[in-house]
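In case you want the letters, here they are:
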Amino acid sequence: MVSIATWNINSVRLRIDQVERFLTEQAPDVLCLQEIKVAEHLFPHEMFERLGYTHRAIHGQKGYHGVATISRLPFRDFSKHDWQDNGEARHIGVELLESGLIVENVYIPAGGDVPDREVNAKFGQKLDFLGRMTRWADAIDRPTLIVGDFNVAPLDCDVYDHKALLKVVSHTPIEVETLGTFRDAHGWVDLGRQFIPAPERNYSWWSYRSYWREKDQGRRLDHMWASPELAPQARTHCFVEETRRWEQPSDHVPLITEFDL
C-alpha cells in the first residue's frame, strides 16, 4: 500500500511543527503541500530529512504560492508547468520510481473576490489556468493522480449553503463548469466523492473570518483526482479535520488516499 496526502499548509515555515506532527501521526508515504510561501533555497529541509522524507521536489517563490512534494519513496522530477503563464510557482509533478505512478501537485489560483473577468483580472486568470490544464489533461497517457487546492467546490453539497454561495468565487456556475471540462478531458475520478458520496459532509476549508466550529461554514476546495485506470486501485480516503483545531492552524485540512499499487 502507498499512502499519498495533500495539504494546503498556508506557509510551511510558519507551520513546520504542525507538518511534523501530521507526518508523525499519519505517516503518509508522500505529502503534497501547497501555498508553501517560501523560495526554494529557504525551504525547511531538516525536519523532513530527520523523519525519513529524503526525496523532495520544490517549486517555490518568496512569500506567495509555491508547492512541494515530499516522499519516503524514491521519485524523479517529472513536470513543472506554468499554467498561468506568469511565472507563479503553482505546480510540481513527480514519478514514483517503484510504481511508475505520476503525482501532479497543483495550487489553482483563488480568483479574487469578484466573479467577473472584465472587472477582476484574477478571476480570468483562474479560468485560463483551468483551460490550460484541460488541454494538458487531454494528452495524459499513463496512470496519474492530480491533487491539491483546486479552489473550486464543484457540487451543491460541497459548500455549507449552495444558494448563498452561487455568486461567491469558488462556487460560481462558470467555475464549476470550467472545472467539469477539466475533469472530462481525462475522465478524472474524484476520490473524495468516490469514498464519501454526495451529499455527505466533506469539507476541507473554513475561513479564518468565521468561528468555524460553531457555524461549520466549510467548503470542499481540496481534491484528489485519479486517472480512470488508477481509481480502482484506491482503497481508502479520508480528510484529517483535527488539524483545523490545532493552534494557529492552516485554513485547510489534509486529505489522504491509500492505493494498492
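Scroll up a little and you will see the structure.
Residues numbered from 1 in each chain as written. Predicted model: local features only at pLDDT ≥ 70, side-chain atom pairs only at ≥ 80, totals over all residues. Heavy atoms only, no water.

Undergrad: Looking at this structure, I do not really get the overall build of the protein chain. What am I missing?
TA: In terms of regular secondary structure, the protein chain is built from six helices and 14 strands. For the protein chain, whose C-alpha radius of gyration is 17 Å, the value lies close to the compact-globule estimate of 18 Å for 261 residues. Taken over the C-alpha atoms alone, the protein chain extends approximately 45 × 45 × 35 Å along its principal axes. Looking at the protein chain as a whole, 58% of its 261 residues are labelled buried. For the protein chain, long-range pairs separated by at least 24 residues make up 67% of all intrachain contacts whose partners lie at least 6 apart in sequence. Per element, the accessible surface of the protein chain, about 11300 Å² overall, is 48% carbon and sulfur. For the protein chain, the centre of its 30 positive side-chain charges and the centre of its 40 negative side-chain charges are spaced 4 Å apart. (Helix = DSSP H or I, 4+ residues; strand = E, 2+ residues; numbered from the N terminus. Rg over C-alpha atoms; globule rule 2.2 N^0.38 Å. Buried < 20%, exposed > 50% of the residue type's maximum accessible area, 1.4 Å probe, protein only. Contact = heavy atoms within 4.5 Å. Areas by Shrake-Rupley, 256 points an atom, 1.4 Å probe, with all protein chains shown as cover. Lys, Arg positive; Asp, Glu negative; His and termini not counted. Charge placed at Lys NZ, Arg CZ, Asp CG, Glu CD.)

Undergrad: Looking at this structure, how should I read the sheet that holds strand S8 (residues 144-149)?
TA: Sheet strands associate in pairs through backbone hydrogen bonding, adopting either a parallel or an antiparallel arrangement. Ordered in space as S5-S6-S7-S8-S12-S9, the six strands form an open sheet in which the pairing is mixed. Strands with a single pairing partner mark the edges of an open sheet, and in this sheet they are strand S5 (75-79) and strand S9 (189-190). Direction of pairing for S8 relative to strand S12 (residues 222-226): antiparallel, over a ladder of five bridges. Along S12, the bridge assignment pairs glycine 148 with histidine 223. Against the sheet, helix H3 (residues 121-137) contacts strand S7 (102-107) and S8, and its axis sits at roughly 170° relative to S7. (Pairing = 2+ DSSP bridges. Axes fitted to C-alpha atoms, helices over the stretch in contact; angles between N-to-C directions.)

Undergrad: Help me out: how do you make sense of the side chain of histidine 186 in this one?
TA: Mapped onto the fold, histidine 186 is located in helix H4 (residues 173-186). Classification of histidine 186 by relative accessible area gives buried; the value is 13%. Those residues within four positions of histidine 186 in sequence are excluded, and the remaining contacts are Ala137, Ile140, Ser227 and Pro228.

Undergrad: Got a minute to help me understand the sheet that holds strand S2 (residues 30-34) in this structure?
TA: Ordered by their spatial adjacency, six strands build an open sheet running S3-S4-S2-S1-S14-S13, and the pairing between neighbours is mixed. Looking along the sheet, the strands with just one partner apiece sit at the ends: strand S3 (55-59) and strand S13 (234-239). Adjacent strand axes in the sheet meet at a mean angle of 10°, parallel and antiparallel pairs treated alike. Of the pairings in the sheet, the one linking S13 to strand S14 (residues 255-259) comprises five bridges and is antiparallel in character. Looking at the pairing, threonine 236 lines up with glutamate 258 of S14. Packing of helix H1 (residues 16-26) onto the sheet brings it into contact with strand S1 (2-8), S2 and S14, and relative to S1 it is tilted by some 155°.

Undergrad: Can you walk me through the packing of aromatic side chains in this structure?
TA: Given two aromatic rings, one states the distance between the centres and the angle between the planes to describe the pair. Scanning all chains against the criterion turns up nine aromatic pairs. Pairing tyrosine 203 with tryptophan 206 gives two aromatic rings, centres 6.4 Å apart and planes at 80°, and the pair type is edge-to-face. Residue classification places tryptophan 206 among the buried positions, given a relative accessible area of 0%. Ring pairing ties together the aromatic residues Trp83, Phe129, Trp136, Phe150, Phe182, Trp188 and Trp225, which thus form one cluster. Between arginine 90 and the ring centre of tyrosine 107, over which it is positioned, the NZ or CZ distance is 4.7 Å. (Phe/Tyr/Trp six-rings, centres within 6.5 Å; stacked < 30°, edge-to-face > 60°. Lys NZ or Arg CZ within 6 Å of the ring centre and 35° of its normal.)

Undergrad: I'm lost on the side chain of asparagine 202 in this one. Help?
TA: Relative to the helices and strands, asparagine 202 is located in the loop between helix H5 (191-195) and strand S10 (205-206). One polar contact links the side chain of asparagine 202 to the main-chain carbonyl oxygen of glycine 192, over a distance of 3.3 Å. Sequence-distant contacts of asparagine 202, defined by excluding residues within four places in its chain, comprise Gly192, Arg193, Ile196, Arg220 and Phe239. (Polar contact = N/O pair within 3.5 Å; in protein donor to acceptor, adjacent residues only side chain to side chain.)

Undergrad: How do you make sense of unusual backbone geometry when you look at a structure like this?
TA: Excluding glycine, a negative phi dihedral is what most residues carry, and trans is how most peptide bonds are arranged. Each neighbour pair has its own omega, and for alanine 198 with proline 199 the value is 5°, a cis peptide bond. Summarising the element assignment, proline 199 is placed in the loop between H5 and S10. In this structure, glutamate 35 is a non-glycine residue whose phi angle is positive, near 55°. Mapped onto the elements of the fold, glutamate 35 is located in the loop between S2 and helix H2 (45-50). For glutamate 35, a relative accessible area of 14% translates into the label buried.

Undergrad: Explain empty space enclosed by the protein here, please?
TA: Empty space among the atoms becomes visible once a probe the size of a water molecule is rolled across them. A complete count under the given rule lists one cavity of 30 Å³ or more for this structure. Space inside the largest cavity adds up to approximately 40 Å³. As for the largest cavity, its lining consists of Asp190, Gly192, Asn202, Ser204, Arg220, Asp222, His223, Met224, His237 and Leu255. Considering each element in turn, the lining of the largest cavity owes the most residues, three residues, to S12. Considering only residue class, the lining of the largest cavity consists of two nonpolar, five polar and three charged. (1 Å grid on protein atoms, 1.4 Å probe; cavity = no way out; pocket = protein on both sides within 12 Å on 5 of 7 lines; lining within 4 Å. Points joined across faces, edges and corners; volume = space filled by probe spheres on them. Nonpolar A, V, L, I, M, F, W, Y, C, P; charged D, E, K, R; others polar.)

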